[in-house]
Each structure stands twice: as structure tokens, then as C-alpha cells.
Amino acid sequence: MKRFGPLNLTALALGLAFLYLPIAILVINSFNDSRLVTVWSGWSLRWYRALLNDSAMLEAASVSFRVALLSATAATVLGTLAALALTRGGRFRGRLAFSGMIYAPLVMPEVITGLSLLLLFVALELDRGFWTIVIAHTTLTLCFVAVVVQSRLVTFDMSLEEAAMDLGCPPLRTFFTVTLPLIWPAVASGWMLAFALSLDDLVLASFVTGPGATTLPIRIYSEVRLGVKPEINAVCTIMIAVVAVGLITASLITKRSARREPAALGARL
Amino acid sequence: MAEKTARHWTTRAAILVPYVWLAAFFLAPFLIVLKISFSQTAIAQPPYVPVFDLATGWEGVREFFAALTLENYAAVFTDSLYVWSYWKSLQVAAISTAILLAVGYPVAYALARAPRRWQGVLVLLVVLPFWTSFLIRVYAWINILQHDGLLNQALMALRIVDAPISWLATDYAVYIGIVYSYFPFMVLPLYAALEKMDETLLEAAADLGAPPWRTFLGVTVPLSLPGIVAGALLCFIPIMGEFVIPDLLGSSSTSMIGQILWLEFFGNRDWPVASALAVVLLALLVTPILIYRQREARQLERGRP
């Protein structure tokens with residue numbers, strides 16, 4: 001039975017404090033009544049009320065959510081297909097280039113991806129705005145989805161698929177009745193990751209956006225450049241709360257589905 | 001799989017659809033950047049010449065190639081501002097990766113040695129902040145580091161300093177921001193490598209009389225090398241092109257290449273030079289990216305049943 005050693009415990013405590021203290025301070029400050037963020041003058045919801053009247057911020061939030069919904073969904077479909085191609089496609093022509101295009105965007109500095117996408121849109125004479133941001137986010141996040149889903153597919157018992165096919169099940173039906181039900185927690189977490197990344201992205205969106213499409217990070221960034229503002233603390237706290245609720249819900253759902261998995265599969269077969 | 005001669009159309013579609021998408025929106029844009037990096041700046045829309053026009057036929061193609069120029073690259077390699085920014089980016093990326101390794105290793109080690117039933121929760125706690133916005137995490141540090149922020153208040157309350165220190169707009173702030181933002185990218189690969197390690201090897205080393213520090217240096221560190229390489233690459237490559245952190249936390253006098261690229265593009269509207277800067281940055285990163293890709297591909301091969 002392993003126990004916490006004192007040294008290891010210290011390392012963990014310090015590491016977690018480093019990760020969480022700044023966020024905790026930000027959240028607490030968002031409830032500070034004072035306009036000076038550094039002086040505490042009591043709890044208040046003042047800055048949250050101020051947000052409700054900030055129509056530019058609300059509009060930016062709505063743009064960000066719509067972009068994230070669309071791009072995460074498109075990226076999940078494309079990324080799952082890409083993961084299937086990498087794990088089940090065998091050795092097809094151009095496989096090396098394909099896997100290169102999946103992995104490179106994961107580490108590629110965003111300024112390069114953003115610049116090159118913008119130049120493409122200019123060359124194609126596309127109107128820049130909402131849809132170009134959706135395309136940019138889909139391209140970036142589909143690679144993350146592909147990696148997440150692929151890591152599930154490689155540990156997947158392929159004999160289940162083969163059994164279904166041997167019994168005469170066509171590939172498309174095999175995918176929907178056998179493969180997808182087994183990999184769906186990975187697909188769902190891929191979607192969430194894509195959603196969070198899209199909501200978070202500043203650099204790509206700044207490059208490919210046009211007049212009329214300001215996302216939340218672009219809006220926050222332009223305010224933050226001018227210094228710390230209590231309203232921004234409130235926006236950030238709301239975003240953190242949304243992410244936290246989403247993550248807790250997701251982990252509860254996957255836990256429950258993991259427990260039910262063998263029985264459910266048996267019923268479907 | 002191998003004995004099947006004709007691939008079913010569904011498999012073909014699964015390959016083709018994402019392939020075409022990535023070729024159109026990831027590969028093609030790079031070719032355009034490459035092309036524009038050889039073009040000349042112009043006061044026009046778009047602000048560069050020549051513009052490729054297939055309607056002019058063969059003569060047009062020849063003129064097009066004749067109009068390409070190496071000017072932008074000459075500017076990138078001779079202007080001390082650009083050279084200095086590349087150097088600065090390399091330096092920041094190397095130092096931050098070293099700090100991340102030094103800070104991340106003990107945490108990853110402690111995670112891997114924690115009791116089993118705690119590990120899941122602890123790993124989740126390390127990953128969680130990664131899900132909150134990157135911008136929020138950088139902004140949180142502005143709160144702390146500003147002139148009358150918490151750090152200065154704490155230092156003065158503890159009587160370590162008498163007057164507030166300017167933390168913002170310094171390299172310290174940039175390093176703090178980078179280490180904070182990339183922390184999970186370093187810890188997770190390290191943890192994955194350390195967690196897989198066969199602990200009987202440590203016992204064997206101890207039984208043979210090796211003191212703990214020698215076991216650590218001679219057994220633990222070499223065995224976790226794949227994690228070290230993965231973590232270092234995962235941090236070093238994106239930090240090289242980092243824009244937001246140095247822009248919000250750093251000083252304007254020392255700019256990283258991501259900021260210069262941004263400025264050339266949006267501020268000076270010099271698209272050809274911005275493109276040349278991107279191409280050179282990519283060339284600098286090609287080796288580490290290839291190593292990263294190779295490792296990922298190998299891991300995939302190994303993982304396949």
C-alpha cells in the first residue's frame with residue numbers, strides 16, 4: 001500500500017497551489033465591491049449586474065457560443081473520421097502526409113496557422129467574419145478530437161467489429177451499433193475539448209475575423225490591454241463556472257455510461 | 001485488414017473527407033504563405049504583388065515567377081530587430097522549458113507515487129485549469145503582478161521589500177505566465193512516463209546498495225526520458241511562437257517573434273514580410289515538430305493491437 005511521502009506531498013501541495021491560487025484570487029476579486037481591484041471593500045454582485053448592461057460583451061459571448069457549437073460539432077465528425085482512418089484505414093497512399101496534418105496543428109504556433117488561414121481567405125476573396133472563424137476553429141480542433149478518439153480506438157477490441165461484420169453486418173451499421181457506442185465517451189470528451197478550445201481561442205479568431213464578428217476572447221483581450229477591470233473579473237468567473245459545470249456533468253455521465261456499458265452493448269447486439 | 005483487397009466505400013470516405021478538409025485549410029494556406037513571402041509589398045487590396053492570375057496564360061505564369069523576390073528574406077536576415085526577436089524567442093522558449101521541467105518533474109513524480117485511489121483525482125486537478133480559458137489564466141496573473149497587486153502587498157507585509165516592485169512588463173512576468181500556462185503540458189507526459197515505470201527496478205537498485213539519489217539519477221530519470229522529451233517538445237514549440245503572454249505581461253522593448261509578426265501584419269500591413277517571418281519561424285521549428293510527429297506516429301504503431 002502506497003502512502004504519501006512528506007516530500008511528495010509538499011511537491012503536490014505547492015504544485016496545486018500554484019495552479020489554483022491565481023484563479024481563486026480572480027474569482028474572489030470578482031465579488032469585490034470596490035472599483036480598485038486591489039482594495040477589498042466587501043462582497044457584492046455589482047460587477048455582474050454591470051455585465052448585464054454591457055451589450056457589446058453579451059453580443060461577443062453569443063458569437064463565441066455559436067462559433068464553438070458549430071465548430072466543435074463539425075470538428076467532432078471530421079476528427080472521428082480522421083481517427084478511424086488512422087486506426088482502421090490500413091496503409092493508404094498519403095498516410096504519412098495525413099498523420100502529419102493531424103499532428104502538426106497541435107503544436108504549431110497559432111500565429112502561423114492564423115496568418116496562413118487569413119491569407120487563404122483573402123486569396124479566395126471570402127467575406128471574413130463568423131463563418132471564417134468557424135472554419136478556422138474546426139480545422140484546429142478536429143486534430144485534438146482525432147487524437148482523443150484515436151487513443152480510445154487503439155485500445156479497442158477489434159474482434160467485436162469483426163464479429164459483427166462476419167455475421168453480415170454492413171460497415172456503416174457496424175460503426176453505429178458497435179463502434180460508436182463503445183467509443184462515445186471519447187467522442188464526447190473530444191467534442192467538449194473542441195468546444196472549450198474554440199471558446200478560448202484568441203489568436204486564430206483575431207486573424208480571420210472581419211467586421212461584425214467579435215468573439216468573447218477578442219473583446220476581453222481589448223479590455224485587458226488597458227488594465228485590470230472588475231467587470232472582466234466577473235466575465236472570467238462566469239466562464240470558469242460554465243466550464244466547471246460542464247466538466248462535472250460530463251464526468252458524471254461518462255461514469256454512469258461506463259457502468260452500463262457491457263449490458264447496453266449486449267442488448268444492442 | 002491486409003488481406004482485404006477492395007476497401008469499402010465507407011472507409012474511403014472516412015479517409016477522404018478529413019483529408020480534403022485538412023489539405024484545403026491547413027496545407028494550402030501554407031503554400032499561399034510561402035508564395036506571398038516571395039512577393040512585393042504594394043499599396044493595394046490585397047497589399048502584395050504579383051497576384052496569381054490564371055487567365056493571362058503561360059506568359060502570365062512567366063511574369064509571375066519573374067516578379068518574385070528574395071527581398072523579404074534579405075530583410076528578415078539583416079534587420080537586427082527581426083534577428084533579435086528570433087533570438088529572444090529561442091531564449092524564452094529554452095529557459096521556460098527548463099523551468100517547466102524543473103517545476104513539473106517533482107509534481108509529476110509525486111503524482112505517480114501517490115496512492116492509487118488518489119491518483120485519478122489528483123491528475124484531474126492538474127488538468128482542470130487547462131480547461132479554463134488561456135486568456136483568463138494570463139489575466140489572473142495581471143491581477144497578482146500589478147503595481148499594487150497581491151504579490152507586492154504580500155512582499156511588503158512580510159517586510160521583504162520596502163517599496164513595490166514593478167513586475168509587469170518584465171521578463172519575470174513573461175516567464176511566470178508561460179510556466180503557469182504550459183504547466184499541464186509538461187506534467188502530463190512526465191506523469192505518463194513515470195506512472196508506467198516498473199517499481200521493482202527501484203527496489204533492485206536499492207537492494208544492490210544504491211543510495212536514493214543514485215537510484216533517481218541512474219534509474220528513474222533515464223526511464224522517464226520519453227516523457228521528458230515529449231513534455232519539452234510540447235512546451236518548446238508553441239512557446240517559440242507565443243503572442244498573448246509576452247504581449248500582456250512583457251515589456252514592449254523586448255518583443256518575441258510572434259509579436260513582431262503580428263505587428264508587421266496588422267500594424268504595418270506588410271504582408272510579404274510577415275509571411276517571410278512565419279516561414280523562417282516554421283523552418284526553425286521543423287526539426288522539433290518532425291521529432292514530435294515521429295514519436296506520436298511510433299506510439300500509435302505500438303498501441304495498435
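Residues numbered from 1 in each chain as written. Chains lettered and ligands numbered in written order. Predicted model: local features only at pLDDT ≥ 70, side-chain atom pairs only at ≥ 80, totals over all residues.

**A word on the overall build of chain A**
On a plain count of helices and strands, chain A comes out with 11 helices and 0 strands. Secondary structure elements in chain A, listed N-terminal to C-terminal, are α-α-α-α-α-α-α-α-α-α-α. Projected onto its principal axes, the C-alpha positions of chain A cover 70 × 65 × 35 Å. A buried classification covers 44% of the 269 residues belonging to chain A. Summarising the internal contacts of chain A: among those between residues at least 6 apart in sequence, 79% fall at separations of at least 24. (Helix = DSSP H or I, 4+ residues; strand = E, 2+ residues; numbered from the N terminus. Buried ≥ 20, exposed ≤ 12 C-beta atoms within 10 Å, placed from the backbone. Contact = placed C-beta atoms within 7 Å.)

**Section: the overall build of chain B**
Along its length, chain B carries 14 helices and 2 strands. Residue burial in chain B is summarised as follows: out of 305 residues, 40% are buried. In chain B, of all internal contacts separated by at least 6 residues, the share reaching a separation of at least 24 is 71%.

**Describing the interface of chain A and chain B**
Tallying the contact residues gives 70 residues for chain A and 78 residues for chain B. Every element with two or more residues in the side of chain A that touches chain B is listed here: α1 (6–29), α3 (55–88), α4 (95–107), α5 (110–123), α6 (130–154), α8 (171–200), α10 (216–224) and α11 (230–268) of chain A. Considering each element in turn, the side of chain A that touches chain B owes the most residues, 11 residues, to α1 of chain A. Classifying every residue of the side of chain A that touches chain B gives 53 nonpolar, 12 polar and 5 charged. (Nonpolar A, V, L, I, M, F, W, Y, C, P; charged D, E, K, R; others polar.)

**Topic: the packing of helix α7 (residues 158–166) of chain A against α8 of chain A**
Residue and element names in this part refer to chain A. Contact geometry of α7 with α8 gives a least axis separation of 10 Å together with a crossing angle of 135 degrees. Here α7 lies oblique to α8, going by the angle between them. Both α7 and α8 take part in a crossing whose hand is right-handed. Residues Leu160, Glu161, Ala164 and Met165 of α7 form the contact with α8, whose participating residues are Pro171, Thr174, Val178 and Thr179. Residues of the contact of α7 with α8, tallied by class, amount to 5 nonpolar, 2 polar and 1 charged. (Axes fitted to C-alpha atoms, helices over the stretch in contact; angles between N-to-C directions. Parallel < 35°, antiparallel > 145°, perpendicular 65-115°, else oblique. Left-handed = near helix turned anticlockwise from the far one by under 90°.)

**Here we look at the packing of helix α4 (residues 80–113) of chain B against helix α11 (residues 225–240) of chain B**
Residues and elements named next belong to chain B. Following both chains from N to C, one finds α4 and α11 inclined at 145 degrees, their axes separated by 9 Å at the closest point. When you trace α4 past α11, the crossing you get is right-handed. Of the residues in α11, those in contact with Ser89, Val92, Ala93, Ser96, Thr97, Leu100, Leu101 and Gly104 of α4 are Ile228, Gly231, Ala232, Cys235, Phe236, Ile239 and Met240. In the contact of α4 with α11, the residues fall into 10 nonpolar, 5 polar and no charged.

**Things to note about the domain arrangement of chain B**
Residues and elements named next belong to chain B. Segmenting chain B into domains produces domain 1 (41–78) and domain 2 (80–303). Across the contact, 9 residues belong to domain 1 and 10 residues belong to domain 2. It is helix α3 (residues 71–78) that contributes the most residues to the side of domain 1 that touches domain 2, 5 residues altogether. Taken together, the residues of the side of domain 1 that touches domain 2 break down into 7 nonpolar, 2 polar and no charged. (Domains from an automatic or database assignment.)

**A look at unusual backbone geometry**
The phi dihedral of Glu125 of chain A falls on the positive side, at around 55 degrees, and the residue is not glycine. Note that Glu125 of chain A resides in the loop between α5 and α6. Owing to 7 C-beta atoms within 10 Å, Glu125 of chain A belongs among the exposed residues under this scheme. Unlike most non-glycine residues, Ala169 of chain B shows phi in positive territory, near 60 degrees. Within the secondary structure, Ala169 of chain B sits in the loop between α7 (150–157) and α8 (171–195).

**Re the nonpolar core**
Residues Leu115 of chain A together with Ala108, Leu261 and Leu277 of chain B are the most contacted members of the largest nonpolar core, which totals 162 residues. Here this core gets 16 residues from one element, more than from any other, and that element is α3 of chain A. (Core = buried A, V, L, I, M, F, W, Y, C linked by C-beta atoms within 7 Å.)

**Some remarks on the environment of Arg49 of chain A**
Within the element layout of this structure, Arg49 of chain A appears in helix α2 (residues 46–52). Separated by 184 residues in sequence, Arg49 of chain A and Asn233 of chain A have C-alpha atoms that sit 13 Å apart.

**A few points about α3 of chain A**
Given a rise of 1.5 Å per residue, 34 residues ought to cover 50 Å, and the 49 Å separating the end C-alpha atoms of α3 of chain A matches this to within 8%. A positive phi of about 70 degrees marks Gly90 of chain A, the residue just after α3 of chain A. (Expected span 1.5 Å × (residues − 1).)

**Re the environment of Ser37 of chain B**
All names here are of chain B. Tracing the backbone shows Ser37 in helix α1 (residues 9–37). With 24 C-beta atoms packed within 10 Å, Ser37 lands in the buried category. Measuring from C-alpha to C-alpha, the distance between Ser37 and Ser252 comes to 26 Å, with 215 residues separating the pair along the chain. Leaving out residues up to four positions away in the same chain, Ser37 has contacts with Asn72, Pro272, Ser275, Ala276 and Val279.

**Concerning the confidence of the model for chain B**
Residue and element names in this part refer to chain B. Of the residues in chain B, 88% reach a pLDDT of 70 or more, and the chain-wide mean stands at 83. In the model of chain B, helix α2 (residues 57–67) stands out as the element of lowest mean pLDDT, 68, in contrast to α4, which has the highest, 92. For residues 1–5, every residue scores under 50 in pLDDT, and the model assigns this stretch 2 contacts once sequence neighbours within four places are set aside. Of the two predicted TM-score estimates for the complex, the pTM is 0.85 and the ipTM is 0.83. (pLDDT = per-residue confidence, 0-100.)

**Notes on the environment of Asn72 of chain B**
Residues and elements named next belong to chain B. Inspection of the secondary structure assignment puts Asn72 in helix α3. Looking at Asn72, the number of C-beta atoms within 10 Å reads 25, which means it is buried. Asn72 sits 63 residues away from Leu135 along the chain, and the two C-alpha atoms are 32 Å apart. Look past the residues within four positions of Asn72 in its chain and what remains in contact with it is Ser37, Pro272, Val273 and Ala276.

**Re the confidence of the model for chain A**
Scored by pLDDT, chain A has a mean of 84; 93% of the residues are at 70 or more. Confidence over residues 264–269 of chain A falls short of pLDDT 50; this stretch has 5 contacts with residues more than four positions distant or in other chains.

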